[in-house]
Amino acid sequence: MNDTRRRPSPPADILLVFRRLRSEDQAVRLARAAGWLLMLAGVVVVLLGFLMNHPQTMIEGTLVTLLALVAGWVRSRLAAVFLGALLALGLAGGFAAGVESGTTAFLLITLVVALRLLEATFRFRRSGDGSPST
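A brief report on the enclosed structure follows. Computed from a predicted structure; not experimentally measured.

**Here we look at the overall build of the protein chain**
- Within the protein chain, the secondary structure is distributed over five helices and two strands.
- The buried share among the 134 residues of the protein chain stands at 35%.
- For the protein chain, the share of sequence-separated contacts (at least 6 apart) that also reach a separation of at least 24 residues comes to 54%.
- Put simply, the protein chain shows about 8,600 Å² of open surface, and 67% of that area lies on carbon and sulfur atoms.

**Quick word on the packing of aromatic side chains**
- For the structure on display, the rule yields one aromatic pair.
- Between Trp36 and Trp73, the ring centres sit 6.0 Å apart and the planes meet at 85°, which makes this aromatic pair edge-to-face. Of this pair, Trp36 sits in helix 2 (residues 24-51) while Trp73 sits in helix 3 (residues 55-74), and the two are 37 residues apart along the sequence.

**Some words on unusual backbone geometry**
- With a phi close to 55°, Asn53 is a non-glycine residue in the positive phi region.
- In this structure, Asn53 sits in the loop between helix 2 and helix 3.
- Among the residues examined, Asn53 registers a relative accessible area of 64% and is labelled exposed.
- Look at Arg75: it is not a glycine, yet its phi comes out positive at around 60°.

**Thoughts on the packing of helix 3 against helix 4 (residues 77-97)**
- Following both chains from N to C, one finds helix 3 and helix 4 inclined at 145°, their axes separated by 8 Å at the closest point. Considering how the two elements wind past one another, helix 3 and helix 4 form a crossing that is left-handed. Side by side, helix 3 and helix 4 meet where Leu63, Val64, Leu67, Ala68, Val70 and Ala71 of the first sit next to Ala79, Ala80, Phe82, Leu83, Leu86 and Leu87 of the second.

**Side note on the environment of Thr57**
- Here Thr57 is to be found in helix 3.
- Between the C-alpha atoms of Thr57 and Val46, which are eleven residues apart in sequence, the distance is 6.5 Å.
- The residues touching Thr57, leaving out its near neighbours within four places in the chain, are Val45, Gly49 and Met52.

**Remarks on the nonpolar core**
- Membership of the largest hydrophobic core comes to 25 residues, with the highest contact counts inside it found for Leu30, Leu38, Leu83, Leu87 and Leu117.
- When contributions to this core are tallied by element, the ones reaching two or more residues are helix 2, helix 3, helix 4 and helix 5 (101-122).
- Residues in contact with Leu83, not counting those within four places in the same chain, are Leu38, Val64, Leu67, Ala68, Ala114 and Leu117.

**A short note on the packing of helix 4 against helix 5**
- It is at 9 Å that the axes of helix 4 and helix 5 come closest, and there the two elements cross at 160°. Judged by the angle between their axes, helix 4 and helix 5 are roughly antiparallel. Regarding helix 4 and helix 5, the two cross each other, and that crossing is left-handed. The segment helix 4 lies against helix 5, with Arg77, Ala80, Val81, Leu83, Gly84, Leu87, Ala88, Gly90, Leu91 and Phe95 engaging Thr104, Leu107, Leu108, Thr110, Leu111, Ala114, Leu117, Leu118, Thr121 and Phe122.
- In terms of residue class, the contact of helix 4 with helix 5 is made up of 14 nonpolar, five polar and one charged.

Cut-offs and rules
- Once a new chain begins, its residue numbering starts again from 1 and follows that chain's sequence as written.
- pLDDT decides what is reported in this predicted model: residues at 70 or higher carry local features, side-chain atom pairs at 80 or more are listed and counted, and totals for whole chains, interfaces and linings draw on all residues regardless.
- Think of the side-chain values as coming from all heavy atoms in the structure, minus any hydrogens and water.
- Helix numbers and strand numbers start at the N terminus; a helix is a DSSP run of H or I with at least 4 residues, a strand a run of E with at least 2.
- Burial here depends on accessible area, computed with a 1.4 Å probe over protein chains only, as a share of the maximum for the residue type. Under 20% is buried, over 50% is exposed, and the range in between is partly exposed.
- Contacts are residue-level and defined by heavy atoms, with any inter-residue pair within 4.5 Å sufficient.
- Shrake-Rupley sampling with a 1.4 Å probe provides the accessible areas, and residues are treated as covered by the protein chains on show and by no other component.
- Any pair of Phe, Tyr and Trp rings, taking the six-membered ring for Trp, is counted once the centres come within 6.5 Å. Such a pair is stacked with planes under 30 degrees apart, edge-to-face with planes over 60 apart, and tilted for the rest.
- Throughout, an axis means a line fitted to C-alpha atoms (over the contacting stretch in the case of helices), and angles, computed between N-to-C directions, take values from 0 to 180 degrees.
- Handedness of a helix crossing follows the sense of rotation of the near helix relative to the far helix, less than a right angle counterclockwise being left-handed and clockwise being right-handed.
- Residues enter a nonpolar core if they are buried and are Ala, Val, Leu, Ile, Met, Phe, Trp, Tyr or Cys, with the set joined through side-chain atoms within 4.5 Å.
- Note on terminology: angles under 35 degrees are roughly parallel, angles over 145 are roughly antiparallel, angles of 65 to 115 are roughly perpendicular, and the others are oblique.
- In the scheme used here, Gly and all other residues not listed as nonpolar or charged are polar, with Ala, Val, Leu, Ile, Met, Phe, Trp, Tyr, Cys and Pro taken as nonpolar and Asp, Glu, Lys and Arg as charged.

Listed below in structure tokens is the structure:
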């Protein structure tokens, strides 16, 4: 018999955003799912910047997409910290500029997902000798 474990499907991994992490496997799955969500958000921002002919928005969306890719798939702590800081600054700037409530909600949701990604990159990392370091 085949003793391979069944892995949950990637859409089911998105639900880990709402759950507490209990293992390294869940942290890896959450990091990848959150990375995908944030990459999608970055692509949407790039497309909106292109449609509005606004280069700064396209640059910021590209940066979010690349940081989400590195933080989600490589589980880079540095990329996750930069991504969280970038989204927090964007939200603070949005509040200061008085942007519409839909944009504020989008920024708030992406910040929450980025914070979960940040948690996943810092929890349950393996040390150099192969033992888990929590």
